[in-house]
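Residue-level listing of the chains:
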Amino acid sequence: MTSATAGGTSPVPPARTRKSVTGTRRTVAVLFLLPCLVLLGALVVYPIGYSLIRSFLNQSGDGFAGVDNYKALFTDDGIRTALKNNVIWVVFAPTVATALGLVFAVLTERVRWGTAFKLVVFMPMAISMLAAGIIFRLVYDQDPNKGVANAVWVGVHDTFAKSSAFPNAHLGRQSPLRPEKGGFVTQQAAHAGQSVSLPLVGVAPDKMPGGAKKAVQAPSEPGKVTGTAWQDFTRGKGVGRLGQVDPGELGYPGMKIEAVKDGKVVDSAKVRADGTFTLSDKADGARLRLPASNFREPYNGVDWLGPSLVTPAVIGAYVWMWAGFAMVLIAAGLAGVPRELLEAARVDGANEWQVFRRVTVPLLAPVLAVVLVTLMINVLKVFDLVFIIPPGSSQDDANVLALELYRKGFSEDQPGIASAIAVFLLLLVIPVVWFNVRRLRREVRR
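**Considering the overall build of the protein chain**
And step 1. Counting secondary structure elements, the protein chain contains 13 helices and 10 strands.
And step 2. Its C-alpha atoms give the protein chain a radius of gyration of 37 Å, clearly above 22 Å, the size a compact globule of 446 residues would have.
And step 3. If one aligns the C-alpha atoms of the protein chain with their principal axes, the spans along those axes are about 140 × 75 × 40 Å.
And step 4. Here the protein chain, with 446 residues, has 36% of them falling under the buried criterion.
And step 5. Sequence separation of 24 or more characterises 66% of the internal contacts of the protein chain that already satisfy a separation of 6 or more.

**With respect to the sheet that holds strand β7 (residues 256–261)**
And step 1. Judged by pairing direction, the sheet is antiparallel, and its 5 strands sit side by side in the order β3-β4-β10-β7-β8 without closing on themselves. With one partner strand each, in any of the chains shown, β3 (177–180) and β8 (264–270) form the two edges of the open sheet. Taking the axes of each pair of neighbouring strands and ignoring which way they run, one obtains an average angle of 30 degrees across the sheet.
And step 2. Inspection of the sheet shows strand β4 (residues 183–186) paired to strand β10 (residues 287–290) by 2 bridges, in the antiparallel sense. From the neighbouring strand, Phe184 faces β10, where its bridge partner is Leu290.

**A look at the pattern of salt bridges**
And step 1. Under the criterion given, the structure shown has 11 salt bridges.
And step 2. Of the charged contacts in the structure, one is a salt bridge between Glu412 and Lys408, with a shortest N-O distance of 3.0 Å.
And step 3. One continuous salt-bridge network, built from bridges that share partners, spans Asp76, Glu404, Lys408 and Glu412.

**Concerning unusual backbone geometry**
And step 1. Even without a glycine there, the phi angle at Gln174 is positive, about 55 degrees.
And step 2. Tracing the backbone shows Gln174 in the loop between α6 (148–160) and β3.
And step 3. On the basis of relative accessibility, which here comes to 72%, the residue Gln174 falls in the exposed class.
And step 4. For Lys181, which is not glycine, the phi torsion reads 50 degrees and is therefore positive.
And step 5. Checked against the element boundaries, Lys181 lands in the loop between β3 and β4.

**Details of the side chain of Thr226**
And step 1. When you line up the elements, Thr226 lands in strand β6 (residues 225–231).
And step 2. Residue Thr226 is classed as buried on the basis of its relative accessible area, which comes to 1%.
And step 3. Here Pro219 takes part through its backbone oxygen, which lies 3.0 Å from a polar atom of the side chain of Thr226.
And step 4. With residues near it in sequence (within four places) discarded, Thr226 still touches Gln194, Ser195, Val196, Ala218, Pro219, Ser220, Glu221, Phe277 and Thr278.

Scoring rules and cut-offs
Residues numbered from 1 in each chain as written. Predicted model: local features only at pLDDT ≥ 70, side-chain atom pairs only at ≥ 80, totals over all residues. Heavy atoms only, no water. Helix = DSSP H or I, 4+ residues; strand = E, 2+ residues; numbered from the N terminus. Rg over C-alpha atoms; globule rule 2.2 N^0.38 Å. Buried < 20%, exposed > 50% of the residue type's maximum accessible area, 1.4 Å probe, protein only. Contact = heavy atoms within 4.5 Å. Pairing = 2+ DSSP bridges. Axes fitted to C-alpha atoms, helices over the stretch in contact; angles between N-to-C directions. Salt bridge = Lys/Arg side-chain N within 4 Å of Asp/Glu carboxyl O. Polar contact = N/O pair within 3.5 Å; in protein donor to acceptor, adjacent residues only side chain to side chain.

Next up, the structure:
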């Protein structure tokens, strides 16, 4: 076959069969891809389609329910709590993890053992979510002897505000004291030259302060009010005398004694190791008070897994795991930043903070977007940590959509609502994925 040209005729090349980029015929390529397409359809497309259809059916699956299952997403208290918590997760968890990853990546460039530090920070990524949940369930334990978080918190607290050594002390029989506002006060006023007895009971011998010594009856002193505060534990005929200091009974060292007159504290003193104390003549005619601070319960730390803090606590466990992931990706992006730009900014007089904020962060914007979007998709599906860390009493307060999907589908036997939650989660993820795909395409065009 020929075609006419200005100079004559030229042959037309015969039509060729189109091949793939690799040179393989399209039919052969489809045959090779067929197993993958079948698996993709069976494991992804079919479950999505089935969930979409099931979300419009009733609980038994044999009747059409319309949009009732979707209405439940906004009327069911458990689902509304899960929605609120998911918003908190999406806003804070990726942001904090990315910010920490950025800080770690920038700082490790300046330290000698940066590689070792990166290894330590990234190591939690090697731990499964299940194991991390068990670890942080122990970390957040209320008992300071078990939970690391409360052990540290209680140690810091007790450094500045000592807990009482006598939280269980209380009145015995025929006591000269009476209760008042969490403490105790004498029933009669004390007078100068008088020795006052302030007996209490209830402190276990092994809980007594280490400096406690055998109690002695304080001698009276002219112009002063003296007394003894001690553990009056002896009982029974021939064993001890009620309300009097007996051999073997211990004083209450460090207990605070206040002299109160007309509602005002006119003098105060600390009990010595042997239980004795001395007040000045200002205490003449005053009642002696053992304030409530003497009997304050030992500080037991923060209720990390209580209703108010359980979600931030679980987010903390997530950040511990994923900050290393963010750090590694950002560090890889940082390695590609032209160093001459940073040096030029420093030569122009910019300090390190200005270089970081105005040069480093803008150059890392594409990497930061990848990390942030990846973590946003990840937290929308978070389940393991929320299922394991919170105890049963506060799991409802930590609820998220993925956990509520599991509950509705398996615990409460409501597959229609569970399918609606699954479809709703898919709809939440699609815009984030679409944004990520668009951004990647723009990067490729550049």
